[in-house]
Amino acid sequence: MKLPLEATIVEVGPRDGLQNEKKMLSAEQKVHLVERLSGAGLKRIEVVSFVHPKAVPQMANAEKVMKGIKRRPGTQYLALVPNTVGAERALASGAGGLGFFVSASETHNMHNVRMSRQASMAELARVSRLATEARVPLRSYIVTAFGCPYEGKTPASTVVSMAKQMFDEGAAEVCLGDTTGMGNPAQVETVFYELTRQLPANRLAAHFHNTRGAALANVYAALRAGITTFDGAVGGTGGCPFAPGASGNVATEDLVNMLEDMGVHTGVDLDELITCALEIEDILERPLSNSVARAGPSWRLHDPPGRL
Ligand code: COA
Ligand code: ZN
């Protein structure tokens, strides 16, 4: 099996990871976390979302966080937005990239952003114009891309047509989100093969939640289909507040450990990342499901010391 030599990690812990946590982090705590993550070598970090503070109170300090980060050259600081109001807030705060999201499921989209999918797509076109004017790239998520807690399995044809439309509207990258961990590796491989027959693999990304324990297997399936950009959340935090049963993203440290151990270079310092994961666990005051933060890197056990 020929695997790529490199993969890009998009760290979504400060946004996806914290949006559903009972414990609210201060802007200072979030800024510290983001700076530590960039220090660990993560070059793309989704820092916050500019959503309605009543919908997601955990993101109410988004402006303060985005403006407070000491920027590291070469690192992209992304903000997730649901509409033009969010995009304007994000750009005014200095976001280096916008993330927009539309669900593959009409029911989930209504719960999540109180709009039809068609209205969200129209909003995407407006957000795309704002991003172009500000010269920042736009990443567009297809939420519930593999399955939806309200509507069940998502047909591959829905994902393909949404991805095409998102690129047509100006997205630089389309990311498939398995919001409640309903995808399985066979499905993931099929969907990404279908997409990469028609669209460039280097502009596609995968965002897996580990709700049913399949996230790393799904990463491997996507890799086999040619995908090289993967989202992760440090400590395995995360989940959509508007999807029943949602739980954590694949832990970035588990993702980095698996990729590096297979010879896929990520540029991330795993020891440093593990320290961040343990710190997050302390701050949230609850045990997280981050295997590698507990067990240590695989190669500590079977490789000569010094590889790190
Ligand atoms: N940030 C802050 N305020 C916003 C906003 C945003 N992104 N978008 C709209 N508003 C404000 C409007 O300006 C308006 O204010 P006003 O009453 O003072 O005039 C008010 O909210 C209502 O606007 P409306 O467009 O009707 O929004 P809504 O109440 O239907 O809510 C969303 C729509 C998208 C803003 C809201 O559902 C939301 O923030 N969802 C986020 C979901 C999420 O984060 N999910 C997890 C990520 S997958
Ligand atoms: Zn997610």
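Before any of the text, the structure's been laid out above.
Residues numbered from 1 in each chain as written. Chains lettered and ligands numbered in written order. Predicted model: local features only at pLDDT ≥ 70, side-chain atom pairs only at ≥ 80, totals over all residues. Heavy atoms only, no water.

Novice: If you had to explain the coordination of the zinc ion (ligand 2) to someone new, which residues and values would you point to?
Specialist: Listed as protein donors to the zinc ion (ligand 2) are Asp 16 (OD), His 207 (NE2) and His 209 (NE2); their distances from the metal cover 1.9 to 2.1 Å. Spacing between the donor residues of the zinc ion (ligand 2) along their common chain follows D-x190-H-x1-H. Given the relative accessible area of 5%, His 207 is considered buried. The buried category is assigned to His 209, whose relative accessible area is 3%. (Donors = N, O, S within 2.8 Å, 3.2 Å for Na, K, Ca; no water. Buried < 20%, exposed > 50% of the residue type's maximum accessible area, 1.4 Å probe, protein only.)

Novice: Describe helix H2 (residues 27-39), listing the residues and the values that go with them.
Specialist: End to end, H2 covers 18 Å across 13 residues, agreeing with the expected 18 Å (1.5 Å per residue, within 8%). By the burial criterion, the buried members of H2 are Ala 27, Lys 30, Val 31, Leu 33, Val 34, Arg 36, Leu 37 and Ser 38. Against strand S1 (8-11), helix H1 (13-17), strand S2 (44-49), helix H3 (62-68), strand S3 (76-81) and helix H11 (270-284) lie the buried residues of H2. Gly 41 sits one or two positions beyond H2 and adopts a positive phi of about 105°. (Helix = DSSP H or I, 4+ residues; strand = E, 2+ residues; numbered from the N terminus. Expected span 1.5 Å × (residues − 1). Contact = heavy atoms within 4.5 Å.)

Novice: So what about the environment of Glu 123? Which residues, and what values?
Specialist: Note on placement: Glu 123 falls in helix H6 (residues 117-134). Assessed through its relative accessible area of 10%, Glu 123 is described here as buried. Along the backbone, Glu 123 and Pro 82 are 41 residues apart, and their C-alpha atoms lie at a distance of 8.2 Å. For Glu 123, the contacting residues outside a window of four places in its chain are Pro 82, Asn 83, Thr 84 and Phe 100. Polar side-chain contacts of Glu 123 include one of 2.8 Å to the side chain of Arg 126. (Polar contact = N/O pair within 3.5 Å; in protein donor to acceptor, adjacent residues only side chain to side chain.)

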